[in-house]
Amino acid sequence: MNIANLSKARLHWREDGNPSGKPVVFANSLGTDLRLWDKIIPLLPQSLRLIRFDKRGHGLSSCPPAPYSMDDLICDAEDLMDHLGLTGVVFIGLSIGGLIGQGLATKRPDLIKALVLSNTAAKMGDAAMWQQRIGMVQDGALSEMAGPILERWFSPPFHRTDELEAWRNMLTRVPQEGYWGCCAAIADTDLTSNLPDITQPTLGIAGALDGASSPELVRATIDRLPNAHFETIAGVGHLPCVEAPQTYADLLIPFFEEINHV
Ligand SMILES: O=C(O)CC1=CCC(=O)O1
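What you see is a predicted model, and the numbers here were worked out from it, not measured in a lab.

## Considerations on the site of the ligand
As a structural note, the neighbourhood of the ligand is formed by 13 residues, with L30, S95, I96, R133 and R152 the closest of them. Protein coverage of the free-state accessible area of the ligand, which is 290 Å², stands at 98%. Put simply, the parts of the chain that give the shell around the ligand at least two residues each are α3 (127-138), α4 (142-153) and α7 (176-187). Per-element accounting of the shell around the ligand gives the leading share, 3 residues, to α4. Grouping the constituent residues of the shell around the ligand by class yields 8 nonpolar, 3 polar and 2 charged.

## So, the UniProt feature "domain: AB hydrolase-1" (unreviewed entry) in the chain
Per the UniProt entry, the sites bearing "domain: AB hydrolase-1" (unreviewed entry) are residues 22-245 in this numbering. Between the C-alpha atoms that bound residues 22-245 the distance is 21 Å, and the span itself is 40% helix and 16% strand.

## Remarks on the pairing of strand β6 (residues 112-118)
Across the 7 residues that make up β6, a large majority, 6, are buried. The pairing of strand β5 (residues 89-94) with β6 spans 6 bridges and is parallel. Pairing of V89 across the sheet is with I112, part of β6. Tracing the backbone out of β5, into helix α2 (residues 96-107) and back to the parallel element β6 gives a crossover that is right-handed.

## Notes on the packing of aromatic side chains
Here the structure, examined in full by the defined rule, presents 5 aromatic pairs. Taking 5.0 Å as the distance between ring centres and 45 degrees as the angle between the ring planes, the aromatic pair formed by F26 and W37 counts as tilted. You can see F26 sitting in strand β3 (residues 23-27) and its partner W37 sitting in the loop between β3 and β4 (49-53), a full 11 residues away along the chain. Classification of F26 as buried rests on a relative accessible area of 0%. Exposure remark for W37: the relative accessible area of 0% places this residue in the buried category. Residues W37 and Y248 carry aromatic rings whose centres are separated by 6.2 Å and whose planes lie at 50 degrees to one another, so their mutual orientation is tilted. Taken together, the residues W37 in the loop between β3 and β4 and Y248 in helix α10 (residues 245-258) connect sequence positions 211 residues apart. An aromatic cluster is present here, built from W153, F154, F158 and W167 joined pairwise through their rings.

## Considerations on α3
The terminal C-alpha atoms of α3 lie 16 Å apart, and with 12 residues this matches the ideal 16 Å at 1.5 Å per residue to within 8%. Buried residues along α3 sit against α4 and α7. Just past α3, the residue G140 takes up positive phi, approximately 85 degrees.

## Thoughts on the pattern of salt bridges
One side chain can pair with another of opposite charge once the charged atoms of both are near each other. One pass over the full model with this rule turns up 14 salt bridges. Residue K8 is joined to D72 by a salt bridge in which the shortest nitrogen-to-oxygen separation is 2.9 Å. Separated by 64 residues along the polypeptide, K8 in the loop between β1 (2-5) and β2 (10-17) and D72 in helix α1 (residues 70-83) bring together distant segments of the chain. For D72, a relative accessible area of 15% puts it in the buried group. Shared partners join several salt bridges into a network, and the residues in it are E78, D82, K107, R108 and D110.

## Considerations on the sheet that holds β4
The strand order across the open sheet built from 8 strands is β1-β2-β4-β3-β5-β6-β7-β8, with neighbouring strands paired in mixed fashion. Among the strands making up the open sheet, the edge pair consists of β1 and β8 (228-233). Here the strands of the sheet are splayed against their neighbours by 25 degrees on average, with no regard to which way each runs. Inspection of the sheet shows β6 paired to strand β7 (residues 202-207) by 4 bridges, in the parallel sense. Bridge assignment links L117 to a residue of β7, and that residue is G204. Docked against the sheet, α1 engages β1, β2, β3, β4, β5 and β6, running at close to 55 degrees with respect to β2.

What counts as what
Residues numbered from 1 in each chain as written. Predicted model: local features only at pLDDT ≥ 70, side-chain atom pairs only at ≥ 80, totals over all residues. Heavy atoms only, no water. Near = heavy atom within 4 Å. Areas by Shrake-Rupley, 256 points an atom, 1.4 Å probe, with all protein chains shown as cover. Helix = DSSP H or I, 4+ residues; strand = E, 2+ residues; numbered from the N terminus. Nonpolar A, V, L, I, M, F, W, Y, C, P; charged D, E, K, R; others polar. UniProt positions renumbered as here; feature names shortened; annotations may be inferred. Buried < 20%, exposed > 50% of the residue type's maximum accessible area, 1.4 Å probe, protein only. Pairing = 2+ DSSP bridges. Right-handed = clockwise from strand over helix to strand, strands pointing away. Phe/Tyr/Trp six-rings, centres within 6.5 Å; stacked < 30°, edge-to-face > 60°. Expected span 1.5 Å × (residues − 1). Contact = heavy atoms within 4.5 Å. Salt bridge = Lys/Arg side-chain N within 4 Å of Asp/Glu carboxyl O. Axes fitted to C-alpha atoms, helices over the stretch in contact; angles between N-to-C directions.

Encoded structure:
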């Protein structure tokens, strides 16, 4: 098991592919850990160095006292990449992971060569909605909230699969403090004014049935980036890497080729 003891947190991370290959770093969504990418990793070129991590308060990483700021989450990812000696990274961030990616792209352009912004936006939801969610989680209601959250994560057909229960388990076992700490970071974040400065090549991905970040919302962010293009995956919700892994990989691989990252 790999644990990096960083300046503000201890992060659990995992590496697949070729340790000497070009680096790709994956960042997960709220309520998920690095297993979010389990189906994607084997579909990608194994010549790449494929690194994923549990953000603070999730998975096997430490759970510092909440609330967290987006700067904390960006700093954790930056520290991890520096700890691993990475440069020229393709950073793939889903949802809150995409907010981290947007922040890193302008803070550390030396580190981030290109971005995949999946099911994310420069601003996600409004502060009142997040404050309500924080209150409910602090009252111990994460299990009760799981139904509506899973409806945003997955399409109706996926809800009839045996896998759904496993994702419910992942979500409801997130430490309360880790979950609401990340909600607080999202509530306070609006990166809209940074978008024109994200000059790295970017692939935007949306899920046609995403109830958390609609294709219109994702597109509104991607359209403001100087060097980006946008794709929508049909029939999937907020976590297309889980519901349609082959389609997702079929978007990533040509993007890697286009930016000479294979
Ligand atoms: O839990 C949700 O509603 C989906 C989500 C919002 C931000 C994130 O990372 O996931």
